[in-house]
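Observations on the model geometry
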Amino acid sequence: LRVLAQAAAPAAQPEMTADQWVAEFAGGAEVTDGDGVTLTAPEIAENGNTVPISVDAPGATEILLVASGNPVPGVAKFTFGPLAGNQAVSTRVRLAKTQDVMAIAKFTDGKVVRAKSNVKVTIGGCGG
Amino acid sequence: MADNVKPRVRVPKTASKDEVITIKTLISHQMESGQRKDKDGKVIPRSIINRMTVEFNGQSVLDMTLEPAISTNPYVEFQAKVPESGEFKFTWYDDDGSVYEDVQKIEVA
Amino acid sequence: GFGNVTRALAQQALTQDQLLQFDGFGNLTLIHITDCHAHLKPVWFREPDTNIGVGEAAGRVPHVVGEAFQKLFGIAPRSPEAYALTYPDFVDLAKTYGRMGGFDRVATVVKAIRAARPDSILLDGGDTWHGSYTSLETRGEDMVRVFKALGSEAMTAHWEFTFGTERVKELVEMMDQPLLGANIFDAEWDEPAFEPYKIFEKGGLRVAVIGQAFPYLPIANPKWMFPEYSFGIREERMQAVVDEVRADGVDLVVMLSHNGFDVDHKMAGRVKGIDVILSGHTHDAVPEPVLVGKTIIIASGSHGKFVSRVDLDVQGGKMAGFRHKLIQIFSDVIAPDADMTALIDEIRAPYADKLSEVVGETEGLLYRRGNFNGTWDDLICDAIMAERDAEIALSPGVRWGASLIPGPITREDIHSVTSITYGQVYRNEMSGETLKTVMEDVADNIFNADPYYQQGGDMVRVGGLGYTIDPNAEMGNRISGMTLLRDNSPIDPARNYVVAGWASVNEGTEGPQIWDVVESHIRKLGKIPALGETSPITVKQ
Ligand SMILES: [Mn+2]
Ligand SMILES: [Mn+2]
């Protein structure tokens, strides 16, 4: 069991909300939840400071990663060049608490598609 | 200026023509988020790698914008198509203006 | 003691031949041992009186206990099976049937199975190197020696990693078997860090055994001890490995798992192509295989009480049939294997005086296993509060640790329930709000309706604190009515309380070792009275 409370994050500066990040990325296009984007994240983060996230969006031109529960929700934007082998990337992110992580992908036909995955950030301890 | 910034990348030495290869990159960097406070309660200023680009023989593979939520020692894994022998050029841009580079050759048999 | 009496009584009810009786079937045998927690000698071990299943697992095996369990499996009350598999009349039956387990008895069973079935594979489900005085003193080496002598052919792991990365590597070098873990990855470059599987050739068959280590090691245990590794359930990875061995044309796919039963149950329904799951971690002793689609799940209990024998008929790359027995290791009935007895005696000899030293006496049954505080946990929490002058004690809800029937308490008995590489008893202040957060967090790790979010332990044990829990509620709403028992006052979110506990996953935790704290407390009391029936914990169901 972990007993020391995690230090609370300081209050965020006036910042864009997760929705604002998504809207800015979408540039006015409708954002749909659906097929075409696969987000892979652990069920429970082993370490909230370094959570592996993978996203795969075949045919996408750009992908935005958003951590909806972070003080700054934007995480990263990936723009794929002509020599990209595919439109899949993996990285590691900080999650301040249990939350939905989102990947939003933009396609050449103008579609913008979102995938979500809930990642639990736990205090931990104990076991069988 | 960030200390001890060291890029490391894993790229295969050889590939066949138009093969899609996996590339992994790591750069040691504290990625100070600008959200933390020091012992005296003062906010520690943000200092992060904010962009990474990957090119092959001058053509873009990936252009990534990083925010403070990217973990310490940013790790990125992706795939690239290799049309010919040449060089991958990796570039990282630091908030403090520093630019770090790494170059990896690959032979197409 | 009871030794000679129980031997006589147990032998009236049972014979070794009966315990081992098995009509051989098919062309391959799997032998499974798991979660012995380094208990080399026979023990008493009371199975749980409370094992709440949530969501789809409610009321389903292994979330069936006591008389309901006896009814479900057609077990007569007070029979040897009832004693081995359920909790009612435990002390009484312990005096009749004696202790269970002991690796010299296990060795006899394994040898007998192998003699009857040359085409067999002995597999160790993990939690093997940890949990006793001798395993802590030898840093796991005693268990490596015993499993080498037993001829174990592959293992997976959980508590093994709490010896730290370097020691795990050293012990893996000493073994004759691989440590398999398809879900263990190098944390830096995200590449497989251990062998994912091994293919065995037995009787003309090719059998793939895939390891699945405990997914939540860096959360449930101190990740700073093995920072090089990342774990996780990694369902896609398991499917990829199953597909890989299937493509290689194996006849049978076995997953040697330390996921815990409910996680294995879910995984069996989602990963295609696994024939047999040998399940560990949640310590469930299930007398019949549980079928999920075409996959069978075998759960073989803990503490050396059981060995599973699974005979399989494998034809044309398919499992055509199975026959199974959860063999109960009654230590007074199964003859010890002389070679193994000698090895265990040699391992224990340097510590013999320390192990056997009597530090006090208990008038009641001491046990731990169950979703909430057992009597061992109450005693440990009392010791922590008394010795560390705390208002509230916290003790981890682990499922390991043997039971004790009324009689002497030795140092070895205390180690059985406390032995750990991070046993420092901390003492610090915690706000009422933080306490609630901790309790809710642990409760969700046990009672989340989705098994993939379950870590497979039990609820954190508390001393000096009463509470009500609704396991089926949502995260954040399960715990209510938290009360400081010292003065019966409601826990104030804004007030700080002096809290002491052990097994913190934080690096640099300071304090005396838990076994010394418990020993000191017991010595002062001398005799531990049997605890009353009333509990300050209320469970809403
Ligand atoms: Mn265990
Ligand atoms: Mn375990």
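Details of the structure are given in the entry above.
Scope of this entry: the structure provided in the associated data block. Residue numbers here run from 1 along each chain, matching the order of that chain's written sequence. Ligands are numbered from 1 and chains lettered from A, in the order in which they are written. Owing to the predicted nature of the model, reporting of local features is limited to residues with pLDDT of at least 70; listing and counting of side-chain atom pairs is limited to 80 or more, with chain, interface and lining totals taken over all residues. Water and hydrogen atoms were dropped before computing side-chain values, which therefore reflect all heavy atoms in the structure.

Accessible area lost when the parts come together is the quantity often used to give the size of an interface. Any two residues whose heavy atoms approach within 4.5 Å at even a single point are treated as in contact. Chain B puts 8 residues into the contact, and the matching count from chain C is 4 residues. Buried area: the accessible area, evaluated with a 1.4 Å probe, that two parts lose upon being put together, summed over both parts. Carbon and sulfur atoms make up 49% of the surface buried where chain B meets chain C, a total of about 600 Å² over both sides. Contact with chain C buries surface across chain B, with Arg8(B), Arg10(B) and Lys24(B) losing the most and accounting together for 66% of the total. Here, a salt bridge means any side-chain nitrogen of Lys or Arg that lies within 4 Å of a carboxyl oxygen of Asp or Glu. Linking chain B to chain C there are 3 salt bridges.

Turning our eyes to something else, we now look at unusual backbone geometry. Residues and elements named next belong to chain C. With an omega dihedral of 5 degrees, the bond running from valine 61 to proline 62 counts as a cis peptide bond. Residues other than glycine seldom take positive phi values, yet aspartate 89 does so here, at roughly 55 degrees. You can call aspartate 89 partly exposed: its relative accessible area is 39%. The backbone phi angle of histidine 303 is positive, close to 60 degrees, even though this residue is not glycine. For helices the rule is a DSSP run of H or I covering at least 4 residues; for strands it is a run of E covering at least 2, with both sets numbered from the N terminus onward. Relative to the assigned elements, histidine 303 resides in the loop between strand 11 (295–299) and strand 12 (306–315). Three labels apply to residues, based on accessible area from a 1.4 Å probe with only protein chains included: buried if under 20% of the type maximum, exposed if over 50%, partly exposed otherwise in between.

Here we take up the coordination of the manganese ion (ligand 1). For a metal with four tetrahedral donors the ideal donor-metal-donor angle is 109.5 degrees, while six octahedral donors give ideal angles of 90 or 180 degrees. Residue and element names in this part refer to chain C. Taken together, Asp35 (OD), His37 (NE2), Asp127 (OD) and His283 (NE2) make up the full set of protein donors to the manganese ion (ligand 1), lying 2.1 to 2.2 Å away. Donor residues for the manganese ion (ligand 1) sit on one chain with the sequence pattern D-x1-H-x89-D-x155-H. In this structure, the manganese ion (ligand 1) lies 3.4 Å from the manganese ion (ligand 2), and both are coordinated by aspartate 127. Summarising the burial analysis for this pair, aspartate 35 and histidine 37 share the class buried. Only nitrogen, oxygen and sulfur atoms count as donors, using a 2.8 Å cut-off from the metal that widens to 3.2 Å for Na, K and Ca. Water is left out, so coordination shells may look unfilled.

With that out of the way, let us pick up the interface of chain B and chain A. With 31 residues of chain B at the interface, the matching set in chain A holds 29 residues. Regarding the contact of chain B and chain A, the summed buried area is about 2400 Å², with carbon and sulfur atoms giving 52% of it. It is Gln35(B), Ala69(B) and Tyr75(B) in chain B that bury the most area against chain A; as a group they hold 25% of the surface buried on that side. Applying the counting rule to chain B against chain A returns 0 salt bridges. Pairs of N or O atoms are called polar contacts if they sit within 3.5 Å, as long as, within protein, a hydrogen donor faces a hydrogen acceptor (for residues adjacent in sequence, only side-chain-to-side-chain pairs). The interface formed by chain B and chain A holds 18 residue pairs in polar contact (both at pLDDT 80 or more) in total. Of all the secondary-structure elements, those providing two or more residues to the side of chain B that touches chain A are strand 3 (19–28), strand 5 (59–66) and strand 6 (75–82) of chain B. If one sorts the elements of the side of chain B that touches chain A by residue count, strand 5 of chain B sits on top with 8 residues.

On to the sheet that holds strand 4 (residues 49–56) of chain B. In a beta sheet, neighbouring strands pair by backbone hydrogen bonds and run either parallel or antiparallel. The strand order across the open sheet formed by 10 strands is 1(A)-8(A)-7(A)-4(A)-5(A)-5(B)-4(B)-7(B)-8(B)-2(B), and the pairing between neighbours is mixed. The open sheet has two free edges, formed respectively by strand 1 (31–33) of chain A together with strand 2 (14–15) of chain B, since each of these has just one partner strand. Relative to strand 8 (residues 112–119) of chain A, strand 1 of chain A runs parallel, the two being bridged by 3 bridges. Bridged to Asp33(A) within strand 8 of chain A is Arg114(A). Helix axes are fitted to C-alpha atoms over the stretch in contact, other axes to C-alpha atoms as well, and angles between N-to-C directions run from 0 to 180 degrees. Helix 1 (residues 18–26) of chain A contacts strand 1, strand 4 (60–67), strand 5 (74–80), strand 7 (99–107) and strand 8 of chain A of the sheet and is inclined by roughly 170 degrees relative to strand 4 of chain A. The pairing criterion for strands is at least two bridges between them, as found by DSSP.

To continue, consider empty space enclosed by the protein. Residues and elements named next belong to chain C. Cavities and pockets were defined on a 1 Å grid built over protein atoms only: a cavity is a set of grid points that admits a 1.4 Å probe from which the probe cannot escape, a pocket is an open set flanked by protein on both sides within 12 Å along at least five of seven lines, and lining residues are those with an atom within 4 Å of any such point. Grid points are joined across faces, edges and corners, and a volume is the space filled by probe spheres set on the points. Enumeration over the complete set of coordinates arrives at 4 cavities of 30 Å³ or more. Taken as a whole, the largest cavity encloses approximately 190 Å³ of empty space. Elements that contribute at least two residues to the lining of the largest cavity include exactly helix 12 (261–270) and helix 17 (432–447). It is helix 12 that contributes the most residues to the lining of the largest cavity, 3 residues altogether. As for the second largest cavity, its lining consists of 15 residues, of which Glu47, Pro48, Val64, Phe69 and Leu85 are closest to the centre. Taken together, the residues that form the lining of the second largest cavity break down as 8 nonpolar, 4 polar and 3 charged. Throughout this entry, Asp, Glu, Lys and Arg are counted as charged residues, while Ala, Val, Leu, Ile, Met, Phe, Trp, Tyr, Cys and Pro are counted as nonpolar. The remaining residues, Gly among them, count as polar.

A few words on helix 17 of chain C. The α-helix advances 3.6 residues per turn, and as a result positions three or four apart in sequence lie on the same side. Residues and elements named next belong to chain C. Expected span of a helix: the number of residues minus one, times 1.5 Å. Between its terminal C-alpha atoms helix 17 stretches 22 Å, which fits the 22 Å expected from 16 residues at 1.5 Å a residue. The complete set of buried residues in helix 17 reads Gly432, Leu435, Val438, Met439, Glu440, Asp441, Val442, Ala443, Asp444, Asn445, Ile446 and Phe447. Of the surrounding secondary structure, the elements contacted by the buried residues of helix 17 are strand 15 (392–395), strand 17 (426–431), strand 18 (461–463), strand 19 (465–469), strand 20 (479–484) and strand 22 (496–501).

Right, let's get into the pairing of strand 4 of chain A. All names here are of chain A. Of all 8 residues that make up strand 4, 7 are buried, and the element is covered over most of its length. Bridge analysis of strand 4 against strand 7 gives 7 bridges, and the strand direction is antiparallel. Bridged to alanine 67 within strand 7 is valine 101. Here strand 4 hands over to strand 5 after 6 residues, the two strands then running antiparallel side by side.

Glancing now at the pattern of salt bridges. All names here are of chain C. Applying the stated criterion across every chain yields a total of 49 salt bridges over all chains. Residue glutamate 47 pairs with lysine 305 through a salt bridge whose shortest N-O separation is 2.8 Å. Placement of glutamate 47 in the loop between strand 1 (28–33) and helix 3 (66–72) and of lysine 305 in the loop between strand 11 and strand 12 is noted, with a sequence separation of 258 residues between them. As far as burial versus exposure is concerned, glutamate 47 and lysine 305 are alike and both buried. A salt bridge links aspartate 176 to lysine 148; the shortest N-O distance between them is 4.0 Å. You can see aspartate 176 sitting in the loop between helix 9 (165–174) and strand 4 (185–186) and its partner lysine 148 sitting in helix 8 (residues 141–150), a full 28 residues away along the chain. Taken together, the salt bridges that share partners define one network made up of Glu47, Asp284, Lys305 and Arg369.

Residues and elements named next belong to chain C. Within the secondary structure, threonine 282 sits in the loop between strand 9 (276–279) and strand 10 (290–292). Since its relative accessible area comes to 11%, threonine 282 is described here as buried. If sequence neighbours within four positions are ignored, threonine 282 has contacts with Gly260, Phe261, Arg369, Arg399 and Gly456.

Moving on: the side chain of Asp251(C). Residue and element names in this part refer to chain C. By the secondary structure assignment, aspartate 251 is in the loop between helix 11 (235–247) and strand 8 (252–257). One buried charged residue, aspartate 251, remains without a salt bridge, the closest side chain of opposite sign being arginine 206 at 6.3 Å. Every residue in contact with aspartate 251, bar those within four places of it in the chain, is listed here: Gly204, Leu205, Arg206, Arg246, Asp275, Val314, Gly317 and Lys318. Positive residues here are Lys and Arg, negative ones are Asp and Glu, while His and the chain termini are left out of the count.

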